[in-house]
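Breakdown of the fold
Read off the chains here:
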Amino acid sequence: MNPMNRLIVATLPLVPKPVVRGIASRYVAGETLDDAMSTVTKLNAEGCMATLDVLGEDVTRREETEETVVAYARALDQIAVRRLDSNISVKLTALGLKLDPAFCRAQFSRIVDAAKGRDNFVRIDMEDSSVTEETIRIFLEFRERYEKVGLVLQAYLRRTAEDARRAAAVKANVRVCKGIYVEPPQIAFQDRNEIRDSFAATVETLLDAGCYVGIATHDPLLVERGKAAVARRRLRREAYEFQMLLGVAGTLRRRLVADGHRLRVYVPYGDAWYAYSVRRLKENPSIAGHVIRGILRGGR
Ligand SMILES: Cc1cc2nc3c(=O)[nH]c(=O)nc-3n(C[C@H](O)[C@H](O)[C@H](O)COP(=O)(O)OP(=O)(O)OC[C@H]3O[C@@H](n4cnc5c(N)ncnc54)[C@H](O)[C@@H]3O)c2cc1C
């Protein structure tokens, strides 16, 4: 990261929220379910599938989880009513994983039941390393009850090669991504190329086991390695998918769709947009320019 970007990232908490909101709006569909539905409708028209994320994580009170459960149930209803091509992605800490894992399981169970009622698929997002093991355990438990539950593995974690074997053993549906949280070198690769190699190796392990893999990256090199991995195995287009985040790498996304690959866009929405947007802004190579322009425009 260049010094200007580093400075901007360090001072981001001081940037007024309306300014952050203005420049981050490309990453979030909006605050309401209707906003999310319009975005998914547009993406479907462009030949992309979607996965909906009701924003929110790390709740500190049990009551806060109720809103999330209800929001996902409503989202699943609307996806079905409008016949949209979208599933859902759920963060377990939004359901109280860090407060009480048993309570979290009960709340997640309600979401899985709602998805089952609509024959839809639920992906469990992967969060920071303090919850990796419990998230995998919850995934394995629910996968026994309902086949359309999926996991995420983060290539930067050193443990991922072993976790990929655990996922492969149950032929899990896995999204592979680099990983977004800041993790120490003892448990996570820090070098860009080591992370890339781990990503590619994880995809290979899972594909070899016959798993359905979501190749979630905007890194052109990994997209090429993903394309090569599926081509070598002569996989049908229904046997894997690429995944990207809303507002990122539009050109690469359109190229993959034009080339005939299935591509799913991660569509976050809801009023808890701040933490998510800041994470995305920190990854944006032109963050400095965006933030400065945003401040000059007064966040409009
Ligand atoms: C569908 C999806 C789901 C994800 N789910 C999870 C999850 O559950 N847990 C988790 O820890 N992480 C998740 N991530 C985030 C992921 O771990 C990475 O942090 C993120 O995708 C960036 O890595 P990259 O592979 O795109 O490579 P990078 O090297 O970070 O990016 C490659 C290129 O993409 C472009 N780019 C990337 N980000 C931005 C941005 N914000 N704005 C503008 N351009 C950008 C740039 O041109 C950059 O050079 C998910 C990512 C995707 C695509």
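Notes on the structure follow. None of the values given here were measured: they were computed from a predicted structure.

Considering all chains together, one arrives at 0 disulfides under this definition. Distance from the sulfur of Cys177, which forms no disulfide, to the nearest cysteine sulfur (Cys211) is 16 Å. Judged by relative accessible area, which is 18%, Cys177 ranks as buried. Of the residues examined, Cys211 reaches a relative accessible area of 3% and is grouped as buried.

Take Thr217: it is sitting in the loop between strand E6 (213-216) and helix H9 (220-232). Ignoring sequence-local partners within four residues, the contact set of Thr217 consists of Phe199, Leu222, Val223, Gln243 and Met244. Polar contacts involving the side chain of Thr217 include one to the main-chain amide nitrogen of Asp219, which spans 2.9 Å.

Under the criterion given, the structure shown has 4 aromatic pairs. Ring centres of Tyr240 and Phe242 lie 6.1 Å apart, and the angle between their planes is 90 degrees; on these two criteria the pair is classed as edge-to-face. The burial state of Tyr240 is the same as that of Phe242; both residues are buried. Cation over ring: Lys17 sits above Tyr274, and NZ or CZ is 4.5 Å from the ring centre. Lying over the aromatic face of Phe103, Arg62 brings its terminal NZ or CZ to 4.6 Å of the ring centre.

Here we take up the site of the ligand. Among the 26 residues in the neighbourhood of the ligand, the closest are listed as Met126, Gly179, Thr217, His218 and Glu283. Gln154 places a polar side-chain atom, nitrogen or oxygen, 2.9 Å from an oxygen atom of the ligand. Bound to the protein, the ligand loses 86% of the 940 Å² it would expose on its own. Those elements giving two or more residues to the shell around the ligand turn out to be strand E4 (149-154), strand E5 (173-177), strand E7 (240-245) and helix H11 (273-283). The dominant element in the shell around the ligand, judged by the number of residues it contributes, is E7, at 3 residues. Of the residues contributing to the shell around the ligand, the split by class is 12 nonpolar, 6 polar and 8 charged.

Moving on, we get to the side chain of Thr93. Structurally, Thr93 can be placed in the loop between strand E2 (86-90) and helix H5 (101-117). In this structure Thr93 comes out as buried when scored by relative accessible area, which is 1%. A distance of 2.9 Å separates a polar side-chain atom of Thr93 from the backbone nitrogen of Asp58. Those residues in contact with Thr93 that lie beyond four places of it in its chain are Glu57, Asp58, Val59, Lys98, Glu127 and Val131.

This next bit is on the packing of helix H8 (residues 192-208) against H9. Viewed as axis vectors pointing N to C, H8 and H9 meet at an angle of 20 degrees, and their least axial separation amounts to 10 Å. Comparing their axes, H9 and H8 come out roughly parallel. The handedness of the crossing between H8 and H9 comes out as right-handed. Touching Arg196, Asp197, Phe199, Ala200, Glu204 and Leu207 of H8 are Leu221, Leu222, Arg225, Ala229, Val230 and Arg232, all from H9.

Attention shifts here to the packing of helix H4 (residues 63-81) against H5. Across the interface, H4 lies against H5 with an axial gap of 9 Å and an inter-helix angle of 10 degrees. Considering their axes alone, H4 and H5 lie roughly parallel with respect to each other. The element H4 and its partner H5 pack so that their crossing is right-handed. Between H4, through Thr65, Glu66, Val69, Tyr72, Ala73 and Leu76, and H5, the contact on the second element is made entirely by Phe103, Gln107, Arg110, Ile111, Ala114 and Ala115. Residues of the contact of H4 with H5, tallied by class, amount to 8 nonpolar, 2 polar and 2 charged.

The subject of this paragraph is the sheet that holds strand E3 (residues 122-124). If you trace the 8 strands once around the closed barrel, you get E1-E2-E3-E4-E5-E6-E7-E8, paired in parallel fashion. In this sheet, neighbouring strand axes are inclined to one another by 30 degrees on average, regardless of whether the strands run parallel or antiparallel. As judged from the 2 bridges shared by E3 and E4, these two strands associate in the parallel manner. From the neighbouring strand, Arg123 faces E4, where its bridge partner is Gly150. The sheet strands contacting H4 are strand E1 (49-54), E2 and strand E8 (263-269), and the helix crosses E2 at an angle near 170 degrees. Lying over the sheet, helix H7 (residues 160-169) contacts E4 and E5, oriented at roughly 160 degrees with respect to E4.

About the cut-offs
- Residues numbered from 1 in each chain as written.
- Predicted model: local features only at pLDDT ≥ 70, side-chain atom pairs only at ≥ 80, totals over all residues.
- Heavy atoms only, no water.
- Disulfide = S-S within 2.5 Å.
- Buried < 20%, exposed > 50% of the residue type's maximum accessible area, 1.4 Å probe, protein only.
- Helix = DSSP H or I, 4+ residues; strand = E, 2+ residues; numbered from the N terminus.
- Contact = heavy atoms within 4.5 Å.
- Polar contact = N/O pair within 3.5 Å; in protein donor to acceptor, adjacent residues only side chain to side chain.
- Phe/Tyr/Trp six-rings, centres within 6.5 Å; stacked < 30°, edge-to-face > 60°.
- Lys NZ or Arg CZ within 6 Å of the ring centre and 35° of its normal.
- Near = heavy atom within 4 Å.
- Areas by Shrake-Rupley, 256 points an atom, 1.4 Å probe, with all protein chains shown as cover.
- Nonpolar A, V, L, I, M, F, W, Y, C, P; charged D, E, K, R; others polar.
- Axes fitted to C-alpha atoms, helices over the stretch in contact; angles between N-to-C directions.
- Parallel < 35°, antiparallel > 145°, perpendicular 65-115°, else oblique.
- Left-handed = near helix turned anticlockwise from the far one by under 90°.
- Pairing = 2+ DSSP bridges.

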